[in-house]
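# Report on the structure
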Amino acid sequence: ILGILAAIALPAYQDYINRSKLATIRLEGQTAKRAIEQFRANTDRCPRDAEELGLAAPSTPGLESLEVGSLDDGSCAVELTIGMLGTYSGAVGGRLLMAQGEDGLWTCSAEGIPEKMLPSDCR
């Protein structure tokens, strides 16, 4: 009985840990979103890059890069590229894209990240 419980609980726990690591990475994106909103309120345009916002290089484990800029439609965006999440490699190279529409609301989309790992608003 214990073996069966361990066989079920261990993978579920690993999924939970990996989702929490991805959520931590997303928090760094949330910080960039707030900086973009302030920048746009002051300049009425999207920042060219993270340096223009004064953001430090990404420091969150598993976050390979954080890019800031504007999309073709003129909306501001933050793109997070995922690296290794501990021992989990299923999301390496995957990207989370958060974009601010004309109405000021942010949307989230993902590419290359398993759906079970994503926050509900990015699926």
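Given the structure is predicted, the values throughout are model-derived calculations rather than measurements.

### Some words on the state of the cysteines
This structure, assessed with the given rule, holds 2 disulfides. Two residues, cysteine 108 and cysteine 122, share a disulfide whose sulfurs are 1.8 Å apart. Taking the sign of the torsion about the S-S bond as the criterion, the disulfide between cysteine 108 and cysteine 122, at about 90°, is right-handed. Residue cysteine 108 is found in strand S4 (residues 106-111), and its partner cysteine 122 is found in the segment after S4; the two are separated by 14 residues along the sequence. Among the residues examined, cysteine 122 registers a relative accessible area of 3% and is labelled buried. By sequence-ordered numbering of the bonded cysteines, the protein chain has its disulfides arranged as 1-2, 3-4.

### Quick notes on the pattern of salt bridges
According to the stated counting rule, one finds 6 salt bridges in the structure shown. Among the ionic pairs, glutamate 52 bridges to arginine 48, the shortest N-O distance being 3.1 Å. Taking the relative accessible area as the measure of exposure, arginine 48 reaches 60% and is therefore exposed. The residue arginine 95 makes a salt bridge to glutamate 79 at a minimum N-O spacing of 3.8 Å. Pair noted here: arginine 95 is in strand S3 (residues 95-100) and glutamate 79 is in strand S2 (residues 76-82), with a separation of 16 residues, a long-range link. A relative accessible area of 29% means that arginine 95 is categorised as partly exposed. A relative accessible area of 21% means that glutamate 79 is categorised as partly exposed. A cluster of three or more residues bridged by salt bridges with shared partners is formed by Arg45, Arg48 and Glu52.

### As for the side chain of glutamine 100
On the secondary structure map, glutamine 100 appears in strand S3. For glutamine 100, a relative accessible area of 8% translates into the label buried. A distance of 3.4 Å separates a polar atom in the side chain of glutamine 100 from the backbone oxygen of glycine 104. Setting aside residues up to four positions removed in sequence, glutamine 100 forms contacts with Ile36, Glu37, Arg40, Ser75, Cys76, Leu105 and Trp106.

### Digging into unusual backbone geometry
With phi around 60°, aspartate 44 is a residue other than glycine that occupies positive phi space. Tracing the chain through its elements places aspartate 44 in the loop between helix H1 (2-43) and helix H2 (50-53). For aspartate 44, a relative accessible area of 69% translates into the label exposed.

### Let's talk about a nonpolar patch on the surface
On the surface, Ile1, Leu2 and Leu5 cluster together to form a nonpolar patch covering roughly 410 Å² of accessible area. Looking at the element boundaries, isoleucine 1 is found in the segment before H1.

Cut-offs applied
Each chain has its residues counted from 1, following the order in which its sequence is written. Given that this is a predicted model, residues contribute local features only at a pLDDT of at least 70 and side-chain atom pairs are listed and counted only at 80 or more, while totals for whole chains, interfaces and linings are drawn from all residues. Computation of side-chain values: all heavy atoms of the structure, hydrogens and water removed. By definition, disulfides here are pairs of cysteine sulfur atoms that lie within 2.5 Å. Helix numbers and strand numbers start at the N terminus; a helix is a DSSP run of H or I with at least 4 residues, a strand a run of E with at least 2. Classification of residues uses two cut-offs on accessible area relative to the type maximum, computed with a 1.4 Å probe and protein chains only: under 20% is buried, over 50% is exposed, and between them is partly exposed. Note on definitions: salt bridges are taken to be side-chain nitrogens of Lys or Arg within 4 Å of carboxyl oxygens of Asp or Glu. Two N or O atoms count as a polar contact when they lie within 3.5 Å, although within protein this holds only if one can serve as hydrogen donor and the other as acceptor, and sequence-adjacent residues are included solely when both atoms are side-chain atoms. Contacts are assigned to residue pairs that have any heavy atoms within 4.5 Å of one another. What makes a patch is a set of residues exposed beyond 30% relative accessible area and free of salt bridges, joined within 9 Å when like-charged and within 5 Å when nonpolar (Val, Leu, Ile, Met, Phe, Trp, Tyr). To measure how exposed things are, a 1.4 Å probe is used in the Shrake-Rupley method; for residues, cover is taken only from the protein chains shown.

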